[in-house]
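# Architecture and fold: a report
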Amino acid sequence: MEDFEQWKEQIAHWWRLGLEYVRQLPPEQLYAAAAVLAFTTILLLLIRLFKRAKSNTIVLTGLSGGGKTVLFYQLRDGSTHQGTVTSMEPNEGTFVLHSDTTKKGKIKPVQIVDVPGHSRLRPKLDEYLPKAAGIVFVVDALEFLPNCRAASEYLYDILTKGSVVKKKIPLLILCNKTDKVTAHSKDFIRRQMEKEIDKLRASRSAVSDADVTNEFTLGVAGEPFSFSQCYNEVTTAEASGINGEISQLEQFIRKYVKP
Ligand SMILES: Nc1nc2c(ncn2[C@@H]2O[C@H](COP(=O)(O)OP(=O)(O)O)[C@@H](O)[C@H]2O)c(=O)[nH]1
Ligand SMILES: [Mg+2]
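Residues numbered from 1 in each chain as written. Chains lettered and ligands numbered in written order. Predicted model: local features only at pLDDT ≥ 70, side-chain atom pairs only at ≥ 80, totals over all residues.

Turning our eyes to something else, we now look at the overall build of the protein. Counting secondary structure elements, the protein contains eight helices and six strands. Taken from N to C terminus, the helices and strands of the protein fall in the order α-α-β-α-β-β-α-β-α-α-β-α-β-α. Counting only residues that meet the buried cut, the protein has 30% of its 259 residues in that class. Taking all contacts inside the protein whose residues are at least 6 apart in sequence as the whole, residues at least 24 apart take part in 77%. (Helix = DSSP H or I, 4+ residues; strand = E, 2+ residues; numbered from the N terminus. Buried ≥ 20, exposed ≤ 12 C-beta atoms within 10 Å, placed from the backbone. Contact = placed C-beta atoms within 7 Å.)

Laid out in structure tokens, this is it:
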């Protein structure tokens, strides 16, 4: 009890000393100190806010049948869940990638959103694209040629969206089903889609202004279209969702959503 009283006295003494010291300071110095304190507090708050705002969302999209659902489950569980999913709704989940679960330490979860390419679900795309850290456009490398035009149209729509262009959201064209020998290579698919988009560009710019819904135009006028002309980074990769060969996909995700 005595100890406590002694301590109280001591603290009161220091407090008085401190107050006296502050009182004899010129006011300018006090204001400067207060300003510095306020400034650092605001800066720290801003840094916190900014860090939070960093997106961990990856949008997985493409025509139906490309293998998005299989890829989604491979990323999450390391297995395929074959034949269990028939839902038309986008699959969405926030999880640590299955391949990262064995790693030590705190690993940032990734939000993966599987948005099917059905036209009636495209509004879903507008909801998720603006906050995406990256877009994975899944292409069926096996049944590529019959779907080339539709896939290119869909890709064209994504690449001309204001949210994608302004924020320069990186896009990966993922050629899936490479486990089959008849699957087309990613270079072939890239070239064919560039040609198709080149044609689309010509036909869409011929449409009367009232019908044009694309917010941005693609490529360089007078030059054949190439993905390298896009404002955002467009790359290609290969995968086999069925066999779990998804390392290039995981690399893309980890490049834009840091663990
Ligand atoms: N050979 C092969 N078939 C696949 C692969 N990934 C998916 N499939 C098959 O392609 C079909 C469509 O897959 P799904 O994931 O439902 O495609 P989604 O419509 O894009 O979600 C299913 O019959 C899958 O078994 C793959 O890597 N290789
Ligand atoms: Mg699906």
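Relative to the assigned elements, K167 resides in the loop between α6 (162-166) and β5 (171-176). In this structure, the C-alpha to C-alpha distance between K167 and K131, residues 36 residues apart in sequence, is 9.3 Å.

Around ligand 1, 15 residues are found, and the nearest of them are G67, K68, T69, K177 and I242. Ranked by residues supplied to the shell around ligand 1, first place goes to helix α3 (residues 68-77) with three residues. (Near = placed C-beta within 6 Å.)

What follows deals with the nonpolar core. As a rule of thumb, nonpolar side chains are buried together in soluble globular proteins. Judged by nonpolar contacts, the single largest core of 54 residues is most densely connected at I58, V136, F137, V139 and L174. The dominant element in this core, judged by the number of residues it contributes, is strand β4 (residues 132-140), at seven residues. Setting aside residues up to four positions removed in sequence, L174 forms contacts with V136, F137, V138, V139, A237, A239 and L249. (Core = buried A, V, L, I, M, F, W, Y, C linked by C-beta atoms within 7 Å.)

Across its 16 residues, helix α5 (residues 144-159) extends only 20 Å between first and last C-alpha, which sits more than 12% below the 22 Å expected from 1.5 Å per residue. When the local axis directions of α5 are compared, the greatest deviation, roughly 35°, occurs at A150. (Expected span 1.5 Å × (residues − 1). Bend = angle between axes of the 7 residues up to and from the residue.)

The next point concerns the environment of T101. Position of T101 among the secondary structure elements: in the loop between β2 (91-95) and β3 (110-116). Between the C-alpha atom of T101 and that of D77, which follows or precedes it by 24 residues, the distance is 9.8 Å.

Taken across its six residues, β5 has six buried, putting it largely inside the fold. Of the two faces of β5, the one lined by L171, I173 and C175 and the one lined by L172, L174 and N176 are each fully buried. Where β4 lies against β5, six bridges are found, and the strand directions are parallel. Each bridged residue has a counterpart across the sheet, and for F137 the counterpart in β5 is I173. Pairing analysis gives six bridges linking β5 to strand β6 (residues 234-239), with the strands arranged parallel. Bridge pairing links I173 to T236 in β6. (Pairing = 2+ DSSP bridges.)

Interpretation note: all reported values are geometric properties and have no functional meaning in isolation.
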